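Listed here are the chains, written in short residue letters.
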Amino acid sequence: METLSNWHADAWSQITKKVASTSLRIGDGFPHASVEGKYKLEPASWWTAGFWPGLLWLVYRDTKEERLRQLAESCENQLDQVILDYERLDHDIGFMWTLTSVARYKLLGDEQGRRRGLLAANLLSGRFNMQGKFIRAWNPWKPGDRNEGWAIIDCMMNLPLLLWATDITGDPRYKHMALAHADTVLQHFIRQDGSVNHIVEFDPESGERQRIHGGQGYSPDSAWSRGAAWALYGMSLAFRYTGEERYLDAAKRVAHFFIANLPEDHVPHWDFRLPPEVVKYRDSSAGACAASGLLLLARLVRQEESSLYYDAGERMLHSLYTNYGAWDRNDEEGLILHGTSHYPEGRNVDVPLIYGDYFFAEGIAQLNGHEELFW
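Below, the structure is looked at part by part. The structure presented is a predicted model; accordingly, all values stated were derived computationally and were not measured. Numbers given for residues are sequential positions, taken from 1 along each chain in its written order. Predicted model: local features are reported for residues with pLDDT of at least 70 only, side-chain atom pairs are reported and counted for 80 or more only, and whole-chain, interface and lining totals are derived from all residues. Processing note: side-chain calculations cover all non-hydrogen atoms of the structure and skip hydrogens and water entirely.

A look at the overall build of the protein chain
Part 1 of the reasoning: When its secondary structure is counted, the protein chain shows 12 helices and 9 strands.
Part 2 of the reasoning: For 375 residues, the compact-globule estimate of 2.2 N^0.38 gives 21 Å, and the protein chain sits close to it at 19 Å.
Part 3 of the reasoning: Projected onto its principal axes, the C-alpha positions of the protein chain cover 55 × 50 × 45 Å.
Part 4 of the reasoning: Put simply, the protein chain has 375 residues, and 61% of those count as buried.
Part 5 of the reasoning: The method behind every accessible area is Shrake-Rupley, applied with a 1.4 Å probe, and residues are considered shielded solely by the protein chains displayed. When the accessible surface of the protein chain is totalled, it reaches about 14,800 Å², and 47% of it is carbon and sulfur. Numbering goes from the N terminus for both helices and strands, where a helix is a DSSP run of H or I of at least four residues and a strand is a run of E of at least two. What the globule rule says is 2.2 Å times the number of residues to the power 0.38, and the radius of gyration is computed from C-alpha atoms. Buried residues are those whose accessible area, probed at 1.4 Å on protein chains only, stays under 20% of the maximum for their type, while exposed residues exceed 50% and partly exposed ones sit between those limits.

In structure tokens:
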């Protein structure tokens, strides 16, 4: 493997070069998945709306390129209209405003970013089910849908918005809701072996657990790799904010499962438990997210444990860089190839995904010494 001074720096150079180039077309749009080499743009209300401006902020932090800052701020401004459209807001408020408003506040001390972040935290708080102690995931997809009792593992990455809000305001109510949800995840989502459920359905009146849904995994009993990544990173962040050991223990349990089930090139398949007849597509986005989470985890554990998580995260990022990068491909806007968004529904399989690009860049930034996270 190349020396640290070589490949970490080279990877960051390739990221900044490619983002500068693709930003000329994407501008202040909201990319989600690459279709035939170009990122398809989604409305500002789509759950991944924060990842492109988040990527722009990561690059701006190093380059101070004003054009990238202006694009990121324009993306954030467009989200104001989404705030007024209640039916389109769900638990992914965290993904959307953490990587826009909170990122801007952390980088620039911008008061407008702080106010928007706190407004988003209040809206996310409104989705908390007190009886079941969970944050409701989605709104009805179509008339007649009843999913008010559904919670999903992805929401672990939305909790930092609430934990940040408590840090900023001193009001513990946000933290209380975040930790209640995290404790529900400990009880009902993370299995004993470290694998993770995607969707758990609760009775919204009594709070009792009713059933498990496979969601974006192969089946209710399988092991969707991006779900494990959300849990690994989310629990690490919960521990960083609170110091509660149960979250650190959970992050380590999921991390051990994740690392133990990686294939030879250290980039996960989209599900760790697949029957032989199902194609084992990779999910580079799960690898990138988990790798960035592992680098954080390495800073949180005792020194004698640290290298286990750091080395695993670095190996994943190195493989993504050398084996999955699209650095010399002018016909591809994505940074890393072979992401799998939703295999069961056949959507965006084996393509670059904007959140994979974001977490890859975030991980490389950590390897290069940036320990401050937007989360």
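A word on helix H11 (residues 303-323)
Part 1 of the reasoning: Under the convention used throughout, the expected extent of a helix is 1.5 Å for every residue step, that is, one less than its residue count. Relative to the 30 Å expected for 21 residues at 1.5 Å per residue, H11 spans 30 Å between its end C-alpha atoms, a close match to the ideal helical length.
Part 2 of the reasoning: All buried positions along H11 are accounted for by Glu-305, Ser-306, Tyr-309, Ala-312, Gly-313, Glu-314, Met-316, Leu-317, His-318, Ser-319, Leu-320 and Tyr-321.

Notes on the packing of aromatic side chains
Part 1 of the reasoning: Two aromatic rings from Phe, Tyr or Trp, using only the six-membered ring of Trp, form a pair when their centres are within 6.5 Å; if the ring planes differ by under 30 degrees the pair is stacked, by over 60 it is edge-to-face, and anything between is tilted. Across all of its chains, the model carries 27 aromatic pairs by this definition.
Part 2 of the reasoning: Taking 5.3 Å as the distance between ring centres and 55° as the angle between the ring planes, the aromatic pair formed by Phe-95 and Trp-230 counts as tilted. Here the residue Phe-95 occupies a position in helix H4 (residues 93-108), and Trp-230 occupies one in helix H8 (residues 225-242), the gap between them amounting to 135 residues.
Part 3 of the reasoning: For Phe-95, a relative accessible area of 0% gives the class buried.
Part 4 of the reasoning: Under the relative-accessibility criterion, Trp-230 is labelled buried at 0%.
Part 5 of the reasoning: Three or more aromatic residues joined by ring pairs form one cluster here, namely Trp-47, Phe-51, Phe-95, Trp-230, Tyr-233, Tyr-355, Tyr-358, Phe-359 and Trp-375.
Part 6 of the reasoning: Criterion for a charge above a ring: Lys NZ or Arg CZ within 6 Å of the ring centre, and within 35 degrees of the ring normal. Above the face of the Tyr-60 ring, Lys-64 is positioned so that its terminal group lies 5.8 Å from the ring centre.

Side note on the pairing of strand S8 (residues 339-342)
Part 1 of the reasoning: Paired strands are those between which DSSP finds at least two bridges. As judged from the 3 bridges shared by S8 and strand S9 (residues 347-351), these two strands associate in the antiparallel manner. In the sheet register, Thr-340 faces S9, and the bridge partner there is Val-349.

A closer look at the pattern of salt bridges
If charged atoms from side chains of opposite charge come close, those side chains can pair.
Part 1 of the reasoning: For this analysis, a salt bridge means a side-chain nitrogen from Lys or Arg found within 4 Å of a carboxyl oxygen belonging to Asp or Glu. With the rule as written, the count across this model stands at 26 salt bridges.
Part 2 of the reasoning: As a salt-bridge pair, Asp-80 and Arg-116 come within 2.7 Å of each other at their nearest N and O atoms. Taken together, the positions of Asp-80 in helix H3 (residues 66-83) and Arg-116 in helix H5 (residues 111-125) put the pair 36 residues apart, joining distant regions of the chain.
Part 3 of the reasoning: Taking relative accessible area as the criterion, Asp-80 reaches 31% and is therefore assigned partly exposed.
Part 4 of the reasoning: One salt-bridge network, held together by shared partners, links Glu-66, Arg-69, Glu-73, Glu-76, Asp-80, Arg-104, Asp-110 and Arg-116.

Notes on the pairing of strand S1 (residues 31-35)
Part 1 of the reasoning: In terms of burial, S1 is a largely internal element, 4 of the 5 residues being buried.
Part 2 of the reasoning: Pairing geometry for S1 and strand S2 (residues 38-41), over 3 bridges, is antiparallel. Pairing of Val-35 across the sheet is with Lys-38, part of S2.
Part 3 of the reasoning: Hairpin connection of S1 to S2: 2 residues between the antiparallel strands, including Glu-36 at a positive phi of 50°.

Concerning H5
Part 1 of the reasoning: Spanning 15 residues, H5 covers 21 Å between terminal C-alpha atoms, matching the ideal 21 Å at 1.5 Å per step.
Part 2 of the reasoning: When H5 is considered as a whole, its buried residues turn out to be Gly-113, Arg-116, Gly-117, Leu-118, Ala-120, Ala-121, Leu-124 and Ser-125.
Part 3 of the reasoning: Contact criterion: two residues are considered in contact whenever any of their non-hydrogen atoms come within 4.5 Å of each other. In this structure, the buried residues of H5 make contact with H3, H4, strand S3 (128-129), strand S4 (134-135), helix H6 (159-169) and helix H7 (173-188).
Part 4 of the reasoning: Pairing of N or O atoms within 3.5 Å defines a polar contact, subject to two protein rules: one partner must be a possible hydrogen donor and the other a possible acceptor, and residues neighboring in sequence count only if both atoms are side-chain atoms. Residue Asp-110 occupies the N-cap position of H5, its side-chain oxygen lying 2.9 Å from the main-chain nitrogen of Gln-112.

Shape is all these values report; function is a separate question.
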